[in-house]
Amino acid sequence: MRDDNIDILVIGGGHAGIEASIVSAKMGARVHLLTMLVENIGLASCNPAIGGLGKGHLVKEVDALGGVMGILTDKSGIQYRVLNASKGPAVRGTRAQIDMDKYRIEARNMVLNTSNLSVSQEVVESLLVEEQKVIGVRTNIGKTYFAKKVIITAGTFLRGLVHIGETQITNGRFGENASIGLSQSLRDLGFELGRLKTGTCPRIDGRSIDTANLEQHFGDTIPPNFSYRTKDFNPEQLPCFVTYTNETTHQYIRDNFSRAPLFTGQIEGVGPRYCPSIEDKIHRFAEKERHQLFLEPQTQDKVEYYINGLSTSLPFDVQEKVIHSITGLENAKITRYGYAIEYDYVNPTALWHTLETRLISGLYFAGQINGTTGYEEAAAQGIVAGINAVLSLKKEDGRFQNKFGDMQEFILRRDEGYIGVMIDDLVTKGTTEPYRVFTSRAEYRLLLREDNALFRLGKYAYTLGLMEKQDYDTLEKDMQDIKEGIEFLKQKILTPSKETLKFLQDIQEEPINDKCQAILVVGRDSFDDDKLEKFDISFKNVSKRAKEQIRILAKYDNYIQKQLESVAKMEQMLEVKIPKDFVFDGIAGLSLEVVEKLNKYKPATLFHASNISGITPASLDVLHLYIHLYHKKKNQ
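Counting of residues starts from 1 at the beginning of each chain's written sequence and follows it residue by residue. Predicted model: local features are reported for residues with pLDDT of at least 70 only, side-chain atom pairs are reported and counted for 80 or more only, and whole-chain, interface and lining totals are derived from all residues. Processing note: side-chain calculations cover all non-hydrogen atoms of the structure and skip hydrogens and water entirely.

**Student:** What am I meant to see in the packing of aromatic side chains here?
**Tutor:** Two aromatic rings, taken as a pair, are described by how far apart their centres are and by the angle between their planes. Paired rings are identified among Phe, Tyr and Trp, the last through its six-membered ring, by centres lying within 6.5 Å, and are further divided according to the angle between planes into stacked (under 30 degrees), edge-to-face (over 60) and tilted (the rest). With the rule as written, the count across this model stands at 13 aromatic pairs. Centre to centre, the rings of F257 and F263 are 4.9 Å apart; their planes meet at 75°, and the pair counts as edge-to-face. We call a residue buried when its accessible area falls under 20% of the maximum for its residue type, exposed when it is over 50%, and partly exposed in between, using a 1.4 Å probe and counting protein chains only. By relative accessible area, F263 is classed as partly exposed at 31%. A ring pair is formed by F316 and Y337, whose centres lie 6.1 Å apart and whose planes are at 75°; its orientation type is edge-to-face. Linking F316 in helix α9 (residues 316–324) with Y337 in the loop between β21 (334–336) and β22 (339–346), this pair joins segments that are 21 residues apart in sequence. For F316, a relative accessible area of 48% translates into the label partly exposed. Among the residues examined, Y337 registers a relative accessible area of 29% and is labelled partly exposed. Helix and strand assignments come from DSSP, with helices taken as H or I runs of at least 4 residues and strands as E runs of at least 2, each series counted from the N terminus.

Here it is as C-alpha cells:
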C-alpha cells in the first residue's frame, strides 16, 4: 500500500543527510530521514574540525543558502582561526575546532525539531524502482517506504571495511555496521561502483598527555564566526598542542611496512593524495626528519585528544610504539586506534549537475557516494540535492507549482560558488580518488571569496524561501551601498593638493604624487573602516560588512574586472548554438570519448554540451572555435 505522505526520503544522517533533509523540509516538502543510529546524527567521524582552506568557503556558501553547518559550528566551536590571514581574501579559510559531542547533540536536536521532517532508525537494504524511476526503499526490518524522491547520503557505509593492521572488520565506521544490501541494490540497478579509501587518526586520553614541553596553538583573539545568523558570538576557546615525529618514530614505522595494509595489498581502494597516512608520509618523504602533529581537544572537557597528522592503519601494537615515541605522548593512553576504511562509491559522471542520477529518475546522490571526502564537501552536496529534489516536485505536485519563482533547477556556475566548481568537476570529469575542494580548483577564485558568499548566493536563498525577508532587505541595502560606494570612489579624483595631502597625513596615510582615483587609495593595505568613514561622511551610514566589501573590491578592482570580463565571455560562449548538421568526428583536440558523447546526446548549444559528463572546459573551447570556422566557411 502506497504512503503518499512522504515527498522525499533521505538515507543517512551525516553532514550531507542533515543538510538535504532540513533544507527540503524548510522548502515545504514532507521529508523522512532514515539513519542507522539516531544518536549519531551529525557525528564527526574523523577530525573534530569544520572548515579550512577551500572548505571554509563551502561552509559559508552552505550557510548563505540556508544550510545549518555554519550555525552548528558556531554553537559547538572551541577554537577559531582564519588560515592564510596574511594573504589575500581569496585564499583565506576559516577553520573551527569543534566539541564533537556538542555538535552531534545540536545536530540531532535540530533535525528532530524541524517541521515537516520525521526520523526513524533503520537500515535501507534496497531501492524500489519502476520504469527507471525510484519509488521508495525497503529497510532491514522489512518495512517499505514509498516516496517521490530519494536522496542517498551513505558516507563510508557502502560495503565499508575497516583495516587495523592485518585485522579487517565489516564496518561503515568503526563499531557500526556497514550497508551491504544498499550497495548491492545499486549494483543490480546498473550503477558501476568503485572503491575508495580514507583513514582516521588515533585518539588519546587527555589526562595522559605531558604538555610541559609542547608548543601551544591558540585561536584568533577575535574569533571569526561561520554563520551570518549567529549573534553575540563569544565562544570559550581552547588551545591545541604541537608536537613532532622523530627518527625513532619513523624507524618503528619503517620496520613494520610489511604489516601495513596500505603496502601489503590488503587495501584495494584509492586514498586521498593530499591527506596521506603517516606510513605513506614516511615512505614517500623518506628524507624528512620529522612531521608536525597537532593534538586537538575533541570536547570542551578536554578528556580526549585527536592526533591530527597521524592518520594510520598500522597494527595496534605498532600504533602504541609510534605514539609513545613522540614528545609529550610517552605515557599516552590510546582511547581509539587509528584505522583505514574502504567503501563503495559511484563515479559522479553518473549524475546530472542537479545531483540526480542519469540512470534512475528521482534518485539523488550526495557526499562520499560521489567520490568526495570531507564534512564540508558532503554538506554542500546535501543542500544542492535537497533543493533540487524539491524543485523537481514542481512538475508533479500542485503544492509546489507556484513556489520558488521560475526556478526549475538549482545549478551554480563555476563563477558563482565553490559548490559550483566542485559539482562541475565531479560531474564532468569524474574522480578515481577522494575529491577535496581547494582554492586552486577555482579559476574565478577572486570572485569566490569567503567574505562575499552571502552577497553571491543570498538571492537564491531568498527565492527558495530559505532566507528571512528582514535579512534579505538588509542584504539588498548592503549591496546597494557597496555598488554606490565603489562608483563614488572611481569617480572621485584626488590631486596632490595641500588639502588632500594634509587629509592623508591626518589619517596616517602615505601621500600621493600624481592625480588618481580615490579607489586606489582606499585599496591600500593600510586602509581601514575608520579611515573610510573619514574619507566621506556617506560611509558612516554603511554597515561593517559593506565597508569590508568596499575595501576589498577597491584593493582588487582591476583584477576583479578582468575576471568579470572572462565570466561574461564564458556566458556568451555557452549561448552559442551548435548547428544541426555540425559534424563532431575528426575535430582535432577532441578525444574519442568526447566525440562519442556529443554524437550520442546531440546538444543544441555549448551550454547543453557543458552539462554532459566528460565534456571539459577545454573541449568547449575547441568546439567554440570549430563552430566559428563552420559559420565562416558557410558565409564564404
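**Student:** Sorry, what's going on with the sheet that holds strand β12 (residues 167–169) here?
**Tutor:** Hydrogen bonding along the main chain pairs the strands of a sheet, whether they run parallel or antiparallel. One requirement defines pairing of two strands: DSSP has to find at least two bridges between them. With respect to topology, four strands assemble into an open sheet ordered β12-β11-β22-β15, the strand pairing being antiparallel. Each of the sheet's edge strands pairs with one partner strand only, and the pair in question is β12 and β15 (193–200). Ignoring which end each strand starts from, the neighbouring axes of this sheet average 25° apart. As paired strands, strand β11 (residues 161–164) and β12 are joined by three bridges and run antiparallel to one another. In this analysis, axes come from line fits to C-alpha atoms, helices being fitted only over the stretch in contact, and the angle between any two N-to-C directions falls in the range 0 to 180 degrees.

**Student:** When you look at the sheet that holds strand β9 (residues 144–146) in this model, what are you seeing that I'm missing?
**Tutor:** In space, the three strands of this open sheet follow the order β7-β8-β9, with antiparallel pairing throughout. Both outer strands of the open sheet, β7 (124–130) and β9, are each paired with one neighbouring strand and no more. Averaged over all adjacent pairs, the angle separating strand axes in this sheet is 25°, with direction ignored. As paired strands, β7 and strand β8 (residues 133–139) are joined by six bridges and run antiparallel to one another. In the sheet register, E130 faces β8, and the bridge partner there is K133.

**Student:** Can you help me understand the packing of helix α10 (residues 375–392) against helix α11 (residues 418–429) in this one?
**Tutor:** Angle between the axes and distance between the axes: these two values describe a pair of packed helices. Between α10 and α11, the shortest axis-to-axis distance is 10 Å and the interhelical angle comes to 90°. Here α10 is positioned roughly perpendicular relative to α11, judged by the angle of their axes. Between α10, through E377, A380, Q381 and V384, and α11, the contact on the second element is made entirely by I419, M422, I423 and L426. Here the nonpolar group is Ala, Val, Leu, Ile, Met, Phe, Trp, Tyr, Cys and Pro; Asp, Glu, Lys and Arg are the charged ones; every other residue, Gly included, is treated as polar. Residue classes in the contact of α10 with α11 are distributed as six nonpolar, one polar and one charged. Comment on the angle field: the value is read as roughly parallel under 35 degrees, roughly antiparallel over 145, roughly perpendicular from 65 to 115, and oblique elsewhere. By definition, residues are in contact when any of their heavy atoms lie within 4.5 Å.

**Student:** Explanation requested: helix α17 (residues 544–555) in the structure shown.
**Tutor:** Residues lying three or four places apart along an α-helix face the same way, a consequence of the helix completing one turn every 3.6 residues. Expected span of a helix, by definition, is 1.5 Å for each gap between consecutive residues, and there is one gap fewer than residues. Between its terminal C-alpha atoms α17 stretches 17 Å, which fits the 16 Å expected from twelve residues at 1.5 Å a residue. For α17, the set of buried residues is A546, K547, Q549, I550, I552 and A554.

**Student:** Help me understand the side chain of S277, please; the structure alone is not making it clear to me.
**Tutor:** Examined against the element boundaries, S277 turns out to sit in the loop between α7 (261–264) and α8 (278–284). With a relative accessible area of 4%, S277 lands in the buried category. If near-sequence neighbours (up to four positions away) are discounted, S277 is found in contact with L262, S311 and T312.

**Student:** Is there a simple way to think about the pattern of salt bridges in this case?
**Tutor:** We define a salt bridge as a side-chain nitrogen of Lys or Arg found within 4 Å of a carboxyl oxygen belonging to Asp or Glu. Counted by the stated rule, this structure contains 44 salt bridges. For R413, the salt bridge is made with E571, and the minimal N-O distance between the two is 2.9 Å. Note that R413 is positioned in the loop between α10 and α11 and E571 in helix α18 (residues 557–574), a separation of 158 residues in sequence. Taking the relative accessible area as the measure of exposure, R413 reaches 32% and is therefore partly exposed. K540 is the partner of E533 in a salt bridge, and the nearest nitrogen-oxygen pair spans 3.9 Å. The structure contains a network of salt bridges with shared partners spanning D7, R30, K148, D397 and R399.

**Student:** I would appreciate a short explanation of α10 in the present structure.
**Tutor:** Between its first and last C-alpha, α10 extends 26 Å over 18 residues, near the 26 Å set by a 1.5 Å rise per residue. Burial analysis of α10 places 18 of its 18 residues in the buried class, which makes it a mostly covered element.

**Student:** Whenever I open this one, the side chain of D397 confuses me. Can you help?
**Tutor:** Structurally, the position occupied by D397 is in the loop between α10 and α11. For the purposes of these results, a polar contact is taken to be a pair of N or O atoms within 3.5 Å, where, inside protein, one atom must be able to donate a hydrogen and its partner to accept one; residues adjacent in sequence count only when each atom of the pair is a side-chain atom. In this structure the side chain of D397 is engaged in a polar contact, spanning 2.9 Å, whose partner is the side chain of R399. For D397, the contacting residues outside a window of four places in its chain are D7 and K148.

**Student:** Help me out: how do you make sense of the pairing of strand β5 (residues 93–98) in this one?
**Tutor:** A regular strand places its side chains so that they alternate between the two faces of the sheet. Of all six residues that make up β5, six are buried, and the element is covered over most of its length. The alternating pattern of β5 places G93, R95 and Q97 on one face and T94, A96 and I98 on the opposite face, and all of these are buried. Inspection of the sheet shows strand β3 (residues 49–51) paired to β5 by three bridges, in the antiparallel sense. Counterpart to A49 in the pairing with β5 is Q97. The pairing of strand β4 (residues 77–83) with β5 spans six bridges and is classified as antiparallel. Bridged to R81 within β5 is R95.

**Student:** Looking at this model, I keep getting lost on unusual backbone geometry. Mind explaining?
**Tutor:** Most peptide bonds adopt trans geometry, and most residues besides glycine take a negative phi value. Within the chain, N116 stands out as a residue other than glycine whose phi angle is a positive 70°. Among the structural elements, N116 can be located in the loop between α4 (100–112) and β6 (117–121). Although it is not a glycine, F404 sits at a positive phi angle of roughly 65°. Tracing the backbone shows F404 in the loop between α10 and α11.

**Student:** What am I meant to see in the environment of G67 here?
**Tutor:** Inspection of the secondary structure assignment puts G67 in the loop between α2 (55–64) and α3 (69–76). Among the residues examined, G67 registers a relative accessible area of 1% and is labelled buried. Considering only alpha carbons, one finds G67 and E19, 48 residues apart in sequence, at a separation of 6.0 Å. Those residues within four positions of G67 in sequence are excluded, and the remaining contacts are E19, V62, R229 and I383.

**Student:** Teacher, can you tell me more about the packing of helix α12 (residues 453–463) against helix α13 (residues 469–491) here?
**Tutor:** Running from amino to carboxyl end, α12 crosses α13 at an angle of 145°, the nearest separation of the two axes being 10 Å. In this structure, the crossing between α12 and α13 has a hand that is left-handed. Side by side, α12 and α13 meet where L454, F455, G458, K459 and Y462 of the first sit next to K469, Y472, L475, D478, M479 and I482 of the second. Here is the rule for handedness: rotate from the far helix to the near one, and if that takes an anticlockwise turn smaller than a right angle the crossing is left-handed, while a clockwise turn gives right-handed.

**Student:** Mind showing me how you'd approach the pairing of strand β1 (residues 8–11) here?
**Tutor:** Alternating residues of β1 divide into I8 and V10 and L9 and I11, and every residue in both groups is buried. Bridge analysis of β1 against strand β10 (residues 149–152) gives four bridges, and the strand direction is parallel. Within β10, the position partnered with I11 by the bridge is I152. As paired strands, β1 and strand β2 (residues 31–35) are joined by four bridges and run parallel to one another. Within the sheet, the bridge partner assigned to I11 lies in β2 and is L34.

**Student:** Honestly, the state of the cysteines in this entry has me stumped. Any pointers?
**Tutor:** Two cysteines, two sulfur atoms, one covalent bond between them: this is a disulfide. In this description, a disulfide is simply a cysteine sulfur pair whose atoms lie within 2.5 Å. A full pass over the atoms with the stated rule returns zero disulfides. We note that C275 lacks a disulfide partner, and the nearest cysteine sulfur, in C46, lies 6.9 Å from it.

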